[in-house]
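Structure at a glance
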Amino acid sequence: MTIVLLLLIYLIFISLGLPDSIIGTTWPALSTSLNIPEDYQGILTCSISLCTIISSFFSTALIKKFKTGPVVCGSIILTVVGLIIFSISPNFWIMLIAALPLGLGAGAIDAALNNYVALHYNALHMNWLHASWGIGATISPMIVSSFISSENLNGWRTGGLILAGIQAAIFIISLTTLPLWKKSEKIFTEREKDKVNEEESKADIGFIKTFKIRGIWFALIAFLAYISVESLTGMWFSSMVHFGLVDSSGNSLVDESTAALWGSFFYLGVTAGRFIAGPISLKVNERFMIRIGESFILIGIILLFMQFNIILMPIAVVLMGLGCGPVYPAIIRDTVRRFTKTYSQNVMGVQMSFAYIANFLIAPLFGVIAKATTFLILPYILIAFFILLVFGNETINFLVKRKPTFNVN
């Protein structure tokens, strides 16, 4: 029973990653084929993130009312609808309609699954499950980029529909195995059930009071900074190498399909980093895993500054991915230690909201700035958020060391 449910969760994490990278990696070809300005990607991702923020804010209430399984299934079907609309869109404005189901579908499932896994599975599965997200995020641009060529810039449509089909198959599997979520509760002893129920009742503190939990703001700063690093790299690296790296005549040194392929290397690095981090995380704590990841991110950013050497660009983005790999699952799992099981679902919902606030504000704002200046400023923005990431994580670690128990004021 538990093995089947765990395999199902792995599959759902793959589905969670499928839509996440399609916009960033296909944007060079998409914007050219539909004659859309390069910086309009920010408007689209901003719209998706706004819808995701809304669903994240209400995730705790949705999970409490409908339980984790139904919320997950509903979220998956929303992403199917969003991918179909996105793939058949004749213009940018129809794409904005696709943003509604794509965003609403992503927010609730993210908060639901992350807290569920943090509570019920060890660090190995936390890393490997998020590596499964990386598999989805890596497959997505690879599938789409295989249909893109200089003669067929509209190939992203076919790739998008294929992704919708894969997502629909995962939805059907999830729907048919929905009773597993309810039956899985029987594996807990009555004592464990009572403890969980007691903690959940204590955790019903509401959205506003969650921000009064001591130390939460430093955790949110770190989480927002990490998501900014991840989203900026995933969404804009392809655009940086295609639109930013040009010769003296203004011709791009990296074509659209190569830019999309290199963009997929980031998610490939994320996936590899999380698979490697899995067994390591059983031996070391989350704080150490975060610091390892931060070290790789820093090396990757340094290489991105060396834009005069194009060969270093795919290497840099792979290292960025390897570094991001262990950081996200370590922060998610460490949420339970930092804020206890009592408040973990509330904090998780707020963290997910801040993640999409980063997508809502940072990534689109970068597009506007890069359009007015140059996409080559990406490494400078990344290093700024990297500093915030380290500051937030080290501060919350210091506070947890001094006050291991966090209570609402």
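Residues numbered from 1 in each chain as written. Predicted model: local features only at pLDDT ≥ 70, side-chain atom pairs only at ≥ 80, totals over all residues. Heavy atoms only, no water.

**Examining the overall build of the protein chain**
Keep this limit in mind: Helix and strand assignments follow DSSP, with helices taken as H or I runs no shorter than four residues and strands as E runs no shorter than two, numbered in order from the N terminus. Note on contacts: a residue pair is in contact if any heavy atoms of the two residues lie within 4.5 Å.
A tally of helices and strands in the protein chain yields 16 helices and zero strands. Across the protein chain, contacts joining residues at least 24 apart in sequence account for 82% of those joining residues at least 6 apart.

**Considering the confidence of the model for the protein chain**
Threshold: The predictor reports its confidence for every residue as pLDDT, a score running from 0 up to 100.
Here the protein chain shows a mean pLDDT of 79. Residues at 70 or above account for 85%. Within the protein chain, no element has a lower average pLDDT than helix α10 (residues 190–202), which sits at 49, and none a higher one than helix α14 (residues 286–304), at 92.

**Describing the side chain of Thr-79**
The condition is simple: Here a polar contact is recorded for every N or O atom pair within 3.5 Å, except that within protein the pair must consist of a potential hydrogen donor and a potential acceptor, and residues adjacent in sequence are included only if both atoms are side-chain atoms.
Relative to the helices and strands, Thr-79 is located in helix α5 (residues 68–88). Engagement of the side chain of Thr-79 in a polar contact is seen with the side chain of Gln-167, the distance being 2.8 Å. In contact with Thr-79, not counting residues within four places along its chain, are Pro-19, Pro-101, Leu-102, Gly-105, Ala-106 and Gln-167.

**A look at the environment of Ile-148**
With respect to the secondary-structure elements, Ile-148 resides in the loop between α7 (123–145) and α8 (155–176). Along the chain, Ile-148 and Ser-257 lie 109 residues apart, while their C-alpha atoms are 6.1 Å from each other.

**Regarding the pattern of salt bridges**
Which entries qualify depends on this criterion: Salt bridges are defined by distance alone: a side-chain nitrogen of Lys or Arg within 4 Å of a carboxyl oxygen of Asp or Glu.
Going through the model one piece at a time under the given rule, you end up with two salt bridges. Across the salt bridge formed by Glu-394 and Arg-291, the nearest N and O atoms sit 2.9 Å from each other. Of this pair, Glu-394 sits in helix α16 (residues 378–402) while Arg-291 sits in helix α14, and the two are 103 residues apart along the sequence.

**Quick notes on empty space enclosed by the protein**
Quick reminder of the rule: Method remark: on a 1 Å grid restricted to protein atoms, a set of points is classed as a cavity if a 1.4 Å probe fits but cannot get out and as a pocket if it is open with protein on both sides within 12 Å along at least five of seven lines; lining residues have an atom within 4 Å of a point. Grid points are joined across faces, edges and corners, and a volume is the space filled by probe spheres set on the points. Classification used: nonpolar for Ala, Val, Leu, Ile, Met, Phe, Trp, Tyr, Cys and Pro, charged for Asp, Glu, Lys and Arg, polar for all others including Gly.
One pass over the full model with this rule turns up two cavities of 30 Å³ or more. Around the second largest cavity sit Ala-123, Met-126, Asn-127, Ser-281, Glu-286, Met-289, Pro-326, Pro-329, Ala-330 and Arg-333, which together line it. At the level of elements, α7, α14 and α15 (312–372) are the ones that each hand at least two residues to the lining of the second largest cavity. Per-element tally for the lining of the second largest cavity: the top contributor is α15, with four residues. Across the lining of the second largest cavity, the residue classes tally to six nonpolar, two polar and two charged.

**Here we look at the nonpolar core**
Note the cut-off: Only buried Ala, Val, Leu, Ile, Met, Phe, Trp, Tyr and Cys residues count toward a nonpolar core, and they belong to the same one when joined by side-chain atoms within 4.5 Å. We call a residue buried when its accessible area falls under 20% of the maximum for its residue type, exposed when it is over 50%, and partly exposed in between, using a 1.4 Å probe and counting protein chains only.
Residues Ile-9, Leu-44, Phe-86, Val-241, Ile-297 and Met-313 are the most contacted members of the largest nonpolar core, which totals 111 residues. The element contributing the most residues to this core is α15, with 24 residues. Ignoring any residue separated from it by four or fewer positions in sequence, one finds Leu-44 in contact with Ile-23, Trp-27, Phe-86, Phe-92, Met-95, Leu-96 and Ala-99.

**Structural notes on the packing of aromatic side chains**
Pairs of aromatic rings are described using the distance from one ring centre to the other and the angle between the two planes. Test applied: Within 6.5 Å between ring centres, the rings of Phe, Tyr and Trp (the latter by its six-membered ring) count as paired, and their orientation is classed by plane angle as stacked under 30 degrees, edge-to-face over 60, tilted in between.
What the rule picks out here adds up to 10 aromatic pairs. Here Trp-236 and Phe-366 contribute two aromatic rings whose centre-to-centre distance is 5.7 Å and whose plane-to-plane angle is 55°, an arrangement assigned as tilted. Residue Trp-236 is found in helix α12 (residues 216–244), and its partner Phe-366 is found in helix α15; the two are separated by 130 residues along the sequence.

**A word on unusual backbone geometry**
The phi dihedral of Asn-35 falls on the positive side, at around 55°, and the residue is not glycine. Relative to the helices and strands, Asn-35 is located in the loop between α2 (22–33) and α3 (40–57). What makes Asn-35 exposed here is its relative accessible area of 71%.

**A closer look at the packing of α12 against helix α13 (residues 256–280)**
Heads up, the rule is: A fitted line through C-alpha atoms represents every axis, and for helices the fit uses only the stretch in contact; the resulting angles, taken between N-to-C directions, go from 0 to 180 degrees. Angle categories: roughly parallel below 35 degrees, roughly antiparallel above 145, roughly perpendicular from 65 to 115, and oblique for all the rest. By the definition used in this description, the sense in which the near helix is turned from the far one sets the handedness, with an anticlockwise turn below a right angle giving left-handed and a clockwise turn giving right-handed.
Two numbers describe how α12 lies on α13: the axes approach to 6 Å, and their chain directions differ by 155°. Viewed along their axes, α12 and α13 adopt a mutual orientation that is roughly antiparallel. Considering how the two elements wind past one another, α12 and α13 form a crossing that is right-handed. Note on element contacts: α13 touches α12 through Glu-256, Ala-259, Ala-260, Trp-262, Gly-263, Phe-266, Tyr-267 and Arg-274, opposite Tyr-226, Glu-230, Thr-233, Gly-234, Phe-237, Ser-238, Val-241 and His-242.

**Details of a nonpolar patch on the surface**
The criterion, for reference: A patch consists of residues exposed above 30% relative accessible area that lack any salt bridge, with like charges linked at up to 9 Å and nonpolar side chains (Val, Leu, Ile, Met, Phe, Trp, Tyr) linked at up to 5 Å. To be clear on the numbers: accessible area is Shrake-Rupley with a 1.4 Å probe, and residue cover counts the displayed protein chains and nothing else.
Judged by side-chain polarity, Leu-50, Ile-54, Phe-57, Phe-58, Leu-62 and Phe-66 come together as a nonpolar surface patch covering roughly 520 Å² of accessible area. At the level of elements, α3 and α4 (59–66) are the ones that each hand at least two residues to the nonpolar patch. The biggest single contributor to the nonpolar patch is α3, with three residues. Along the polypeptide, Phe-57 turns up in helix α3.

**With respect to the environment of Ser-89**
Counting through the fold element by element, Ser-89 comes out in the loop between α5 and α6 (92–120). Residue classification places Ser-89 among the buried residues on the basis of a relative accessible area of 0%. When the C-alpha atoms of Ser-89 and Arg-157 are compared, they prove to be 8.6 Å apart, with 68 residues separating the residues in sequence. Beyond its immediate stretch of four places on either side in the chain, Ser-89 contacts Leu-34, Ile-94, Met-95, Trp-156 and Arg-157. One polar contact links the side chain of Ser-89 to the main-chain carbonyl oxygen of Ile-85, over a distance of 2.5 Å.

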